[in-house]
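Chains, contacts and geometry: an overview
Listed below are the residues making up each chain.
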Amino acid sequence: MNIAKNMEFVFAAAAVVAVSVANAFAAPAAPLEVAAKPAIVKSAVMENPVITIHIVGKRLTAAQKAKLAV
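Residues numbered from 1 in each chain as written. Predicted model: local features only at pLDDT ≥ 70, side-chain atom pairs only at ≥ 80, totals over all residues. Heavy atoms only, no water.

The next subject is the overall build of the protein. Counting secondary structure elements, the protein contains 3 helices and 0 strands. Along the protein, from the amino end to the carboxyl end, the secondary structure elements read α-α-α. Expressed as a percentage of the 70 residues in the protein, the buried residues total 0%. Looking at the protein as shown, the accessible area adds up to about 7600 Å², and 67% of this sits on carbon and sulfur atoms. (Helix = DSSP H or I, 4+ residues; strand = E, 2+ residues; numbered from the N terminus. Buried < 20%, exposed > 50% of the residue type's maximum accessible area, 1.4 Å probe, protein only. Areas by Shrake-Rupley, 256 points an atom, 1.4 Å probe, with all protein chains shown as cover.)

Next up, the structure:
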């Protein structure tokens, strides 16, 4: 096996192993505490928004319906 021909695979495999090892030994990140007030204040209306769906289209003619049924 010629390593020069497979250098791209060797590099990719080494990168995968390095990232996996780094993630395995990494300490969990400390939670970020922010003392600022939230910019968006939720109201009772925003908690349960009403979703409206508008369907726009033309009705099929009898000939088109008959063609689809065949």
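On to the confidence of the model for the protein. Counting all residues, the mean pLDDT for the protein is 81, and 83% of those residues have values of 70 or more. Helix H2 (residues 44-47) is the least confidently modelled element of the protein, averaging 57 in pLDDT, while helix H1 (residues 7-25) averages 91, the highest of any element. (pLDDT = per-residue confidence, 0-100.)

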